[in-house]
Each structure stands twice: as C-alpha cells, then as structure tokens.
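Now for the letters of each chain:
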Amino acid sequence: MMDFGYSEEGRQASLGDLQLWRRILGFSAPYKVGLIVAVVISLFITWATLTLPYLVQTAIDGSITASQLPNVERLAGLTGNALLYGAIIVGVFFATFCQILVLEWVGQWVMHGLRQSLFNHLLSLDLPFFNTRRTGQLVTRLTNDIQNMNEMFTSVIVTLFNEFLRLMGILVLLFWMNPRLAALMAIFVPIALLITIFFAQLARECFRTIRSQLAKLNSFLSETLSGIGILQLFGRQEATRHIFEDLSAGYLQRTLSQIRLFGTFMPLTEFLSSAAVALILWYGGGEVLQKRLTLGELVAFISYMRLFFQPLRELSQKYSVVQSAMASAERIFQLLDTKSTIAQSQTPGTMPDIQGHLEFRHLRFGYEPDNPVLHDISFTLRPGQTVALVGTTGSGKTTLVNLLLRFYDPQEGRILIDGRDIATLQLKKLRTLVGVILQDVFILQDTLLANIVMDTGCGREQVEAILTRTSMDRFVRKLPHGLDTPIGDGGTELSTGEKQLLSFARVLCRNPAILVLDEATAAIDTESENILEQAIADSFHGRTSLVIAHRLSTIRRADHIIVMAHGRIVEQGSHEELLNRGGHYALLVAMDLQNGN
Amino acid sequence: MKTNTSRTDSQETTRRIPFAQLRHLILPSFRHHRLRILGGLAALILVDFLQLIIPRFIKQGVDALEALTVTPSGLLRLAGIIVFIAVLVVFLRFAWRYLIIGFSRLLEQRVRNQIFTHILKLDAQFFEKRTTGDLMAHFSNDLAAVQMACGMGVVAAVDALVMSLAAIGFMIAIHPLLTLLALLPMPFLAVATRILSSKLHKRFATVQEEFSELTEFSRSNLISIGLIKAYTMEDFQAGRFDRLGKRYVRSNLRVAFIQGLITPLATLVGSTGMLMVLYFGGSLVIEKTITLGDFVAFITYLYMLIWPMMAIGWVANLVQRGLTSLDRIYGLVTSRSALPDPVTEIAPEQLAQPGFQLSHLTFGYPSSSNPVLSDLTLNLGPGMHGVTGRTGSGKSTLCRLLVRLYPLADGMLHFGGLEVNHLPLAFLRSHIGYVSQEPVLFSDTIAANIALGLPDAKREDVIKAAANAAIHEDILALKNGYDTLIGERGVKLSGGQRQRLALARALLCDRPVLIIDDGLSAVDVATEHEVFAGLKRHFQGKTVVIVSNRIKLLSMTDHIIILADGAVQSEGNHEHLLATNSLYQSMFAKQMQQDTHPAVALP
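Reading guide: rules and limits
- Residues numbered from 1 in each chain as written.
- Chains lettered and ligands numbered in written order.
- Predicted model: local features only at pLDDT ≥ 70, side-chain atom pairs only at ≥ 80, totals over all residues.
- Heavy atoms only, no water.
- Helix = DSSP H or I, 4+ residues; strand = E, 2+ residues; numbered from the N terminus.
- Rg over C-alpha atoms; globule rule 2.2 N^0.38 Å.
- Buried < 20%, exposed > 50% of the residue type's maximum accessible area, 1.4 Å probe, protein only.
- Contact = heavy atoms within 4.5 Å.
- Domains from an automatic or database assignment.
- Axes fitted to C-alpha atoms, helices over the stretch in contact; angles between N-to-C directions.
- Parallel < 35°, antiparallel > 145°, perpendicular 65-115°, else oblique.
- Left-handed = near helix turned anticlockwise from the far one by under 90°.
- Nonpolar A, V, L, I, M, F, W, Y, C, P; charged D, E, K, R; others polar.
- Pairing = 2+ DSSP bridges.
- Buried area = accessible area lost by both parts, 1.4 Å probe.
- Salt bridge = Lys/Arg side-chain N within 4 Å of Asp/Glu carboxyl O.
- Polar contact = N/O pair within 3.5 Å; in protein donor to acceptor, adjacent residues only side chain to side chain.
- Arc of directions from axis to C-beta.
- Patch = residues over 30% accessible without salt bridge, like charges linked within 9 Å, V, L, I, M, F, W, Y side chains within 5 Å.
- Areas by Shrake-Rupley, 256 points an atom, 1.4 Å probe, with all protein chains shown as cover.
- Phe/Tyr/Trp six-rings, centres within 6.5 Å; stacked < 30°, edge-to-face > 60°.
- Core = buried A, V, L, I, M, F, W, Y, C linked by side-chain atoms within 4.5 Å.
- pLDDT = per-residue confidence, 0-100.

Undergrad: Would you mind going over the overall build of chain A in detail, with residue names and values included?
TA: Helix and strand counts for chain A come out as 21 helices and 12 strands. The C-alpha atoms of chain A give 36 Å as radius of gyration, which overshoots the globular expectation for 597 residues (25 Å, by more than 25%). Looking at chain A as a whole, 55% of its 597 residues qualify as buried. Contacts in chain A between residues at least 24 apart in sequence constitute 77% of all its contacts with a sequence separation of at least 6.

Undergrad: So what about the environment of Ala48 of chain A? Which residues, and what values?
TA: Residues and elements named next belong to chain A. With respect to the helices and strands, Ala48 occurs in helix H3 (residues 32-64). We classify Ala48 as buried; its relative accessible area is 0%. Beyond its immediate stretch of four places on either side in the chain, Ala48 contacts Ile88 and Val92.

Undergrad: Tell me what's going on with the domain arrangement of chain A, and back it up with residues and numbers.
TA: If you check the domain split of chain A, you get domain 1 (16-337) and domain 2 (358-590). The C-alpha centroid of domain 2 of chain A is placed 56 Å from the C-alpha centroid of domain 1 of chain A.

Undergrad: Lay out the packing of H3 of chain A against helix H4 (residues 71-124) of chain A with the relevant residues and their values.
TA: All names here are of chain A. Remark: H3 packs on H4, axes separated minimally by 8 Å, with the N-to-C direction vectors making an angle of 160°. Taken together, H3 and H4 sit at an angle that is classed as roughly antiparallel. Crossing angle aside, the handedness with which H3 passes H4 is left-handed. Residue composition of the contact of H3 with H4, by class: 24 nonpolar, 10 polar and 1 charged.

Undergrad: Can you tell me about the sheet that holds strand E3 (residues 386-390) of chain A, naming the residues and giving the values?
TA: Residues and elements named next belong to chain A. If you trace the 6 strands from one edge of the open sheet to the other, you get E6-E9-E10-E3-E11-E12, paired in mixed fashion. Looking at the sheet topology across the chains shown, the edges are occupied by strand E6 (434-437) and strand E12 (568-573). The average undirected angle you get between the axes of adjacent strands in this sheet is 20°. Bridge analysis of E3 against strand E11 (residues 560-565) gives 4 bridges, and the strand direction is parallel. From the neighbouring strand, Val390 faces E11, where its bridge partner is Val563. Packing against the sheet, helix H17 (residues 496-509) makes contact with E6 and strand E9 (514-518), and its axis sits at approximately 170° to E6.

Undergrad: Before we move on, could you go through the domain arrangement of chain B and cite the residues and values that matter?
TA: It is common to report an interface's size as the accessible area lost on association of the parts. All names here are of chain B. Examined at the domain level, chain B breaks down into domain 1 (19-174 + 321-337), domain 2 (176-289), domain 3 (349-431 + 513-570) and domain 4 (437-510). Inter-centroid distance (C-alpha atoms) of domain 1 to domain 3 is 56 Å. Listed as interface residues are 4 residues of domain 1 and, on the opposing side, 5 residues of domain 3. Three residues stand out in domain 1 for area buried against domain 3, namely Ala124, Gln125 and Glu128, and they jointly supply 88% of the buried area on that side. If you look at where domain 1 meets domain 3, you find 0 salt bridges. Between domain 1 and domain 3 we count 1 residue pair in polar contact (both at pLDDT 80 or more) in total.

Undergrad: Summarise the side chain of Asn549 of chain B; cite the residues concerned and give the values.
TA: Along the chain, Asn549 of chain B turns up in the loop between strand E8 (543-547) and helix H19 (551-554). Only 2.8 Å separates the side chain of Asn549 of chain B from the side chain of Thr388 of chain B, close enough to count as a polar contact.

Undergrad: Which residues make up the pairing of E11 of chain A, and what values go with them?
TA: Across a regular strand the side chains alternate sides, sitting on one face of the sheet and then on the other. Residue and element names in this part refer to chain A. Taken across its 6 residues, E11 has 5 buried, putting it largely inside the fold. Looking at chain direction, E11 and E12 are connected through 5 bridges and run antiparallel. Bridge pairing in E12 links Ile561 to Gly573. Counting the residues between successive antiparallel strands, the hairpin from E11 to E12 contains 2 residues, one of them, His566, with a positive phi of roughly 45°.

Undergrad: Please give an account of the pattern of salt bridges that cites residues and values.
TA: Applying the stated criterion across every chain yields a total of 31 salt bridges over all chains. Linking Arg460 of chain A and Asp484 of chain A is a salt bridge whose minimum nitrogen-to-oxygen distance equals 3.1 Å. With Arg460 of chain A in helix H15 (residues 460-469) and Asp484 of chain A in the loop between helix H16 (473-478) and strand E8 (486-487), the pair connects residues that are 24 residues apart, well separated along the chain. Residue classification places Arg460 of chain A among the partly exposed residues on the basis of a relative accessible area of 33%. On the basis of relative accessible area, Asp484 of chain A is assigned to the partly exposed category, the value being 38%. Between Asp294 of chain B and Lys59 of chain B there is a salt bridge, and its shortest N-O distance comes to 2.7 Å. Here Asp294 of chain B, found in helix H11 (residues 292-333), pairs with Lys59 of chain B, found in helix H3 (residues 34-67); they are 235 residues apart in sequence, far enough to count as distant. Each member of the pair Asp294 of chain B and Lys59 of chain B is classed as buried. By sharing partners, the salt bridges in this structure join Arg141, Asp145 and Arg331 of chain A into a single network.

Undergrad: Break down the packing of helix H8 (residues 186-223) of chain B against H11 of chain B for me, with residues and values.
TA: Residue and element names in this part refer to chain B. Remark: H8 packs on H11, axes separated minimally by 9 Å, with the N-to-C direction vectors making an angle of 35°. Viewed along their axes, H8 and H11 form a crossing whose handedness is right-handed. Residues Met186, Leu189, Ala190, Thr193, Arg194, Ser197, Ser198 and His201 of H8 lie in contact with H11, whose contacting residues are Leu302, Leu305, Ile306, Met309, Met310, Gly313, Ala316, Asn317, Gln320 and Arg321. For the contact of H8 with H11, the residue count by class is 9 nonpolar, 7 polar and 2 charged.

Undergrad: Please set out the environment of Phe119 of chain A residue by residue, giving values where relevant.
TA: Along the polypeptide, Phe119 of chain A turns up in helix H4. Here the alpha-carbon distance between Phe119 of chain A and Arg141 of chain A, two residues 22 residues apart in the chain, equals 9.6 Å. Those residues in contact with Phe119 of chain A that sit more than four places away from it in its chain are Leu142 of chain A together with Phe217, Ser218, Asn221, Gln237, Ala238 and Phe241 of chain B.

Undergrad: Residues and numbers for helix H7 (residues 179-186) of chain A, please.
TA: What H7 of chain A keeps buried is the set Leu181, Ala182 and Met185 of chain A. Around the axis of H7 of chain A, the buried residues are gathered within 100° of arc, so they sit on the same side.

Undergrad: Go over a nonpolar patch on the surface with me, naming the residues and quoting the values.
TA: Taken together, the side chains of Val39, Leu43 and Phe161 of chain A make up a nonpolar region of the molecular surface, amounting to roughly 230 Å² of accessible area. Mapped onto the elements, Leu43 of chain A comes out in helix H3.

Undergrad: Can you tell me about the interface of chain B and chain A, naming the residues and giving the values?
TA: Opposite the 138 residues of chain B that make contact, chain A presents 143 residues. Counting each side, the surface lost to burial between chain B and chain A is near 13,200 Å², with a carbon and sulfur contribution of 72%. A salt bridge links Glu270 of chain A to Arg93 of chain B; its shortest N-O distance comes to 3.8 Å. Counting residues per element, the side of chain B that touches chain A draws most heavily on helix H10 (residues 234-286) of chain B, which supplies 33 residues.

Undergrad: If you had to explain unusual backbone geometry to someone new, which residues and values would you point to?
TA: Residues and elements named next belong to chain A. You will see that Lys291, though not glycine, has its phi angle at about 60°, which is positive. With respect to the element layout, Lys291 can be found in the loop between helix H10 (237-289) and helix H11 (295-337). The backbone phi angle of His362 is positive, close to 45°, even though this residue is not glycine. Its place among the elements puts His362 in strand E1 (residues 358-365).

Undergrad: How would you sum up the sheet that holds strand E5 (residues 418-419) of chain B? Please name residues and give values.
TA: Residues and elements named next belong to chain B. If you trace the 4 strands from one edge of the open sheet to the other, you get E2-E1-E4-E5, paired in antiparallel fashion. Of all the strands in the sheet, just strand E2 (373-380) and E5 have a single pairing partner and so form its edges. Of the strands in this sheet, strand E1 (356-363), E2 and strand E4 (413-415) touch helix H12 (residues 395-402), which is tilted by about 120° from E1.

Undergrad: So what about the packing of aromatic side chains? Which residues, and what values?
TA: All names here are of chain A. Evaluated as defined, the whole model comprises 33 aromatic pairs over all chains. Geometrically, the ring pair formed by Phe199 and Phe262 is edge-to-face, given 5.1 Å between the ring centres and 75° between the ring planes. With Phe199 in helix H8 (residues 188-226) and Phe262 in helix H10, this pair connects stretches of sequence that are 63 residues apart. Its relative accessible area of 15% is what places Phe262 among the buried residues.

Undergrad: Could you give an account of the nonpolar core, naming the residues involved and the relevant values?
TA: The biggest cluster of nonpolar side chains holds 245 residues, and the ones touching the most others in it are Phe308, Phe360 and Val434 of chain A together with Phe295 of chain B. Counting residues in each nonpolar core, the second largest holds 46 residues, with Ile230 of chain A together with Leu376, Leu423 and Val545 of chain B among its members.

Undergrad: Before we move on, can you summarise the confidence of the model for chain A with the specific residues and values?
TA: Considering every residue of chain A, the mean pLDDT works out to 83; 92% of them sit at 70 or more. When the criterion is pLDDT under 50, residues 1-11 of chain A qualifies, and its contacts beyond four places in sequence or with other chains add up to 25 contacts.

Undergrad: Please set out the side chain of His431 of chain B residue by residue, giving values where relevant.
TA: All names here are of chain B. Structurally, His431 is set in the loop between helix H13 (425-429) and strand E6 (432-435). Judged by its relative accessible area of 15%, His431 falls in the buried class. Aside from chain neighbours lying at most four places away, what touches His431 is Leu351, Phe415, Arg511, Pro512 and Val513.

Set out below in structure tokens:
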C-alpha cells in the first residue's frame, strides 16, 4: 500500500513486446489511411534529403569543376541543378508540414479513443478497486500516460521512421559511390548505437530519480500550502522550511548529476561526427590521390557524413521517449484489463411493475473478509413501508446501503427486491430502481436545473412540478436566479442542507421504486431542515423507504425502527415500543440523536 | 483555471515591474557564481572557435587535393589535427554544460527556497486569494521558465552570437557579395520563428489549460465514484468527458499546425541559402573568382549558421517568458502579510491572565463588502465558553480572528490585557491550541501528527493526549499503531478519527488557551460527551472556546454566546439562555425532547 507511488516508474516495458505493439496498432487501425499517407510522405522526404547533396555533387563534378567544357555550358548545367534543388526544397517543406499534421491528427484521435475507453472502463469498475488505488494515480493514467503515448505517435514514430530510412538511404548511397570508404564509415553505426543505448539506460534511471524527488517535493509543497494555517499556529515554520530545503537540495543534486551525464554523452556523437570527417579526409583523400574517387564524391561524402550523424542523434534522443511511452502503454492496458469483481448480470431481466418489496436476508459482510462489519442482518420492508436505521457511527448502517447498491457484494446472504436477488439485476437497472439521497452530492459545473435533470430527460415543467409538490421550490426561490442559478466551482456555493435538497430533487426526478436516505450528520440550517422535513414527508408516503436517520423527526415518521450496534440488529420496533423498552434506543435518544439546530 | 490563465496573459502584455527591480531576485546568484559563469562562457566560446577551425582544415585538404599538392602523410596530419580538436571540444562541452546549466539549477534552488521561506510568513488573507494550484504553478512553471532562461537561454544566446559572427566573418573573408546572397533568407527565418513561436506559446497555453480541465474532470469523477454510480451518471459523465476530449484534440491540432510550419521552415530557409551558394558560388568558381575549397568551406559555414538563426527567435521567447515568470515570482515574494508582526520581547509577567477581550470588534473578509462580525464586545477569560449560532453567523470567523489569521484594527482585540497588534505572532500563537473545523493532517506518522506543536514530546505524553481525545483505541487498532503513516500515501482515517487526532494535537501542547471550532462535528455525540466530560478537570483555569451546535456540549460550558448575523444575540449560561433565548429554546426542543430526557433539561 505504501510504496504505491513510485514503484510504477521502476517497471520496464521492453521495446520488443510484440503483444503491446499489436494492441497499440489495434487502436490505430481505424486511421490506417492517415498512417499510410504519412509513410508515403516519409519516403518522399527521405528521397529528397538524400538527393540534395547529390545535386551539389553533380553540380561540382558536372559543371563547376568541368573545366574542359565551355563556361556557358557549365553555367547552364549549374542553373539546371539549382532549379531542381529549389523545386525539391519547396516540396520538402510542404511534405514535412503535411506529415506533421497527419500524424498529429492520427495520434490525437487514437489517444482520444483510448482515453475515452479507459474513462468508461474506470467508471465501470467496482468500489473495492477504488479503495485500493489512489485517485491521483488513476488520473495520471487518463492524462499523462495517454499524453506520453501520443508523443510516441507524433514525434517518435515519424522520427524513427524518417531517420531510420534516411540512415539506410545514406548507407546505400555511400556504398554505391565508394564501397570501401562506405564500409569504413559503417563501423560508426554500431559504435553510435552502443553509446546511444547505454546512455538511454543511464538517462532513464537518472530521470526516474529526478521525477521521484520532484514528486516528493511537490507533494510536500502542496500539503504545506493547504495546511499552512495550522503550521503557522503551531509555530512549525522553521522546521517546515528545513524539510523543504532538504528536499530542494536533493532535487538539485539529482539535476546536477543529470547534467553531468548529459555533459558526458551529448558531445560524444559530435565527436564521432568529427572523427568520421577526419577519417574521410585521410582515407578518402588517399583514394582521390589514387584516382579511385573524384573530388566531388569526396565532398559529397563529407556532407553525407554530417547527415548521417543527425539521425543517430535523433534516434538516441527518442529512444527514451519510446521507452517511457511503452511503459505508459503497458500501465494503460493493464488498467483496461482489470475486471470488476462485482459480477454484472448479462441478461437485461425484465422487472415489470415493481412493488417495492425489499428484503435483507442473512447478510454477512466485511470490507476485509476476516473482519466482518455486518453479522447476519435480516429484515424486510413491505411495499410502501418506511424503515429507519438508527445506531452510532460504525454500527454498519452505511455499509448496508453500500450492499443494497451493490458497491460491494456480501460474503454471505442476499438482498431481494420483490423476491428477486439483486445480483441477477443489471447494475444500472438496480441503481435506477433504488434512489439514494446521500449526504454528499456530485455537483456539475452547471445550472441547478441541469444538476437536477442530468440525463433523465425531464422537462423544466416536470422539475418544477416535483419541486412544488415536495415544497422544495422554497429552496430554489432563495437562489439568485432560481433554477438557472449556476452552482459548483465558480458558481453559488451550496450549504450542506441545500446539497441534500439538490440530491433529493435529483432522485425524485428519476422516480425510483425504493428510496434510500442517508441523513446529513453535519449541521443543517433551520431553513433547509424545515424544507427537507416536508419533502421527506411528501415523498416517502406510499413508497418503500429506508432512512439512515439522525433526526428524531425523521425517525418518528418511520413505520419501523431498526437499531444497529457493531454490525448487528440489537432492537427493532416502533418509536414508543422502543422508548418504553428502555434499551439501546432509549439511550441513543437520550444521548441526543442529532447535532443540528 | 480560466481566471488563472487570463491573469497570466494580461500580465504578459503589461509587465509593470522594471527589470531593475526584478534583477534583485537573480543577481545575487549571478554574483555569487560569477567565476563559474565566466568559466562556462569561456569554454562555450572556445568550443565555437574550435568548431569553426575544423572546416578550415577540411578546406586546406580539399584545396590541396585539387591542386594535387598533398601527400598521404599530409592528409593523415590534417586528420589527426581534426581528431585532436574534436577531443578538446568534448571536454570543453562538458565544462560549459556543467558550469552554466548547473548554475541555472543552483539559481533555481535559491529562488525556490526564497519563495518558500517567504510564503511561510504570509497570512490567511493571502491564501484565500491564491489557490494551492496557483501557488504550485509558481514553483513549477515559473521557476522552470527562469531556470531555462538563465541556463539554456544564456548558452544559446552566447553561442548563437559567437557562431553567427564568426561564421559570417569567415564567409565575408571568402567573398562578401556571396555572403550577402547566402544570408538573404536568414533574417526571414529569425522573424518567422519569433512570430510563430509566440503564437505557438499562446496555443500551447490553451492546450495546457484544457489538459488541466481534463485532469480536474477525471479527478473529481474518480474521487466521487460512489456518487457517480449511485446516481447512474456513468454514461452522462462519459459524454461530458468525450466533449472535453474532443476539444482538447482540436486545440492540439491547432498547435500542430504551427509546429508543422516551424520545423520545415528552418530547413527551407537553410536550403534556400544553400541554393544561393550553389548557384552564385558555383558561378564564381567557374569564373575562377573563388576556389573550389572556398566553395566547400562556404557551404560548411552556411550549415553552421542555420542553428544560430533559429536560436535567435527561440532565445527571444525564452527570455521573454523568463522575465514574465520572474515578474510573477517577484510579485509573490514582495507580497506582504497584512498581519503586523512586531519584533518586541514580551516578558511573561507583562501578560495578565491569558484570555481575550473583544471591544467593538468589526470584521469583514476583503472579498465581500458586508462585515461578517460587527461590534462584538466580549470577555473570553478563563473558563469554558460555548459559541453557537446558525450557519454563517460568524462563529468560525471569530475563531480565526482569535488565532490571528486575519488582521484587525488597533483596539479591537486584547490578549491578556495587551493589544494584539503589538504582540509578536509567534508569541501569541504559542499560547493557543487550535482545532479547526476541517482537521488538517500531514503525510507523516500518527505520532508526528499529534506532536506537531511539540516535536520532542515523549511517547507517553502523545499517548496521554490521544487517550484524552478518545482516539487511543482507534490508533492501537491500526497495524503500526502510533507509527502508522497517514495522509496521501498512508492509511485513510475517517472524518471523526481525523478530528479527534487534531484535538489530541491541541491537547498535547497544553497551552493556556484552547479554541475548538466545531472540531468534533463528525464524532458521535456519545464520544464527544465522553471526551469533554473527561477534559473538564483538565480545563481548569484555562480559557477554552468551543464552537458547537450541540446543546449537550453547550450545557457543559460556563458561558454560552449566541451569534446571529455577526452580532452577539444573547449570552449567559445554559439555564439563562434556556429561559430567555428563543433560538436556544428551539434548538433545545429539537435536540432534547423533554419527554425522553428530563435529566439534561434540568442539569
């Protein structure tokens, strides 16, 4: 649990993982036309880049140094070469532009598809999954990891392809011009590759330590910033500053060692390039002296050599990008392969005319299997009945709701709606049948109306009708623009009570057969409280309702009260019965069930 | 996020702070490391010159080959010289990289620590205006921009300048007119890079903004996954995510459009220069004005010029971005806390009994025009004071004022008989234990969290504080007990546990004043009752201020203050208020149902 954060970076995806490549390509299949276009452009660019020095060479040999020809003819030849040269460079310009756009287009849409399926997949996973994962990590999968893969599509695939092609092209050309000189040059390839791979490995480790230190620094910073008031009040500024400076110094040391590493390796390719030129000058010059090579060819060789090292440099730079993209891809696919442990019923299963009969039968459950929080819970709600669950914090009331919504599956026992096991219902169907009003509410950055309606397709009139019927319109009227008031970040801030009212309205819009209310424990302003009380009275009438109750008024409205303690039902009955019994319930009431005013 | 970037943009167009002031942030680093910088620059310039010399030797070789005046051993000597120079270049390159880029990291660290040290001194008012994310951006983006400008920016600027001057010089030496022709397209590249990269910067800012929207959307959805599922919002949210994602794709394509222009443009301009040299230079060779060796060397110099020309546009952007960031950092480190923090020594005997006297205290947050508290006159001396009132009546604000998170005018608040504005903050705060409404815990062990105010506290004292806050049992139930890590990467605690931990922290400090801002609202009533009943003895002679809406708790205090709309509506003890105050009566009626619990009604 504790080493969750950084262990992921240590994982290595091998470049030769064919299965991974196949999956990546699978996602790009719909865009194969784009990819083919990019490859064709690539071929053109490679051809063009190689032709340019060749044109210079023919100009030198055929015109500039051809002293045996009349000057006019030499100039005409030169002009011809120059015109062709001009045409090609303009062509390269447009081709490169198109290639970058096409690849970005493909890459972005592929990533969009991947991001979308990952998001959908995550939303379909069960709660136990989310309990074991940190949200930040999952968000990183959706954002940074996908971004990483996009890098690969746009810059890397094109560079790898272009540069590799160019490298091969240059080698072929060199061999065609002078095989012996070319063979001599070819020994630079394995040397450069070895240096590159060695460097890439060192660099990756180096970046990993830098990233992990930066992550530590940033999380310390964000924690300090959000708790700064407390730190100041407890006089911890100096100690905090020392920790930060230590982290900062650690970061500095790591960046400096990265600079040393790059400082050692970056000049090496340059050195190889100069060494190659020296080799050509010495060996090639000798060939020229022995008339086995023309001077123009020698000059061309020198120019090609410069072109030759550029792709090598590029390849070494992209090597680490590909590595990290592959690692990202592996993490993404791993997540996509995670299956929900809550088995989803495949058959839609029709449930006509829900009566609202709800039965909990011998439930036993623990978030950790050997640490049960519910022991053999059984009770029944008849259609239209209101049952209140009462008990101290940790008695298992909320867990019961979690099981009813199938956020978790019980280790033993079943929950039945109209006699049918909820495990045989589709999750979506179940969650529309059971409407829950939770203490917390997910607020969209939108108007109140949009927040109530969401995707139910309810019209404005319907919403207004529901609100009027439950008297919740009073709450809406208090807001500056009524139903059109923007809420959420940047809009009107809702109080705890108002949030619960919104949650209520949202659920009523969906008209569920069974209502579940988790009453707010936190203080609620009197105004909201009064509205809420009336809304509860109106909407619970004639509907099967289960309430985790904290307010006496709510409890007294219930037909039946179930008192829970330590995951067991300890008492049940009506308010008066239980009070007269003088047991747990009477004590709870005496201890003051609620805390709002 | 939106407001954040708009602020950024507006600052970018209107920089107000002159560089003469901004440089105070970075100048000390430059001065301190001047030898390092000089050494690095010397190495850099030397590399440039050595690189320029190599083509001279190539030219020598080619010319000699053409004239057939060279022997194989002569060629070998030339090759040897080139290799020797290349080795030298390797060492010098390492030197400048380590010296100059290393310097930029040293500078970055210095500025980072400077910002952090300053931020620790700022008051709540400042943190209300700036979100954590906003401040984090200063540490990441702005520092990175400054570091880049002072590191790679300096290198690129010097390198480009030296290289272009030297290359142009050599070219002019060969043939001035040809030089002019070859350079004709270059200024165009510099201008185009400049224009395009500033456009790119703007479009990229949009991409980043949308990226963080995407991130925030994912985060908020995943963190509330239970709610999403409970309301079957999956498809609905997926649709919204899809829209955000599509917009993000489009913005990326807009960036790609510019990027797609910049890269090939450099190649095009370089090649155009080459075309000029090929045609005109070739003609000159035919006319025997220059030698073939000159021609080849010319081409080599031209290649060398492409990078400096691109760099000029790039450097200009880098410097501008660095300055903008420096400007923002400057604004941060020069922002002053609105709280006076006098540096006077206060002798313990100067302080009368620790407690607060409020006289006509009026306070409003800078963000709103209405005062939250108005004309409050109270005496909060030793004893237990309960504060209650509806949401928004000013209870929390009162607590935050007492612990000096916000500035107040003189004469409104006295502590132990002394004007608070004349007391050093650290001195005042060392007398107060505080439990906030939202408990703030840090990623550390439980013991360290409890011992926040007393880092050297003995374990048994920590345990005693925890036991008093009724959290000891809960802690023992955890696998590593008091050494369990909590927070982001550790064990998650429930709201009630977090609150009790925060209480234990305040109890451990055992300071003369304790302020609890509704700090046990998520703890069940029975536990809360138990905690306070147990502490009552402990509180003897201390000033305790407890904000709560629970009658049960309030009835245990000596003095209850009822706030309404920022003013004292009523004060007195439980019986007094029960007899006189209607709000208190209605709270009581709701919470106490006299038929069920007569014992509390008449304590």
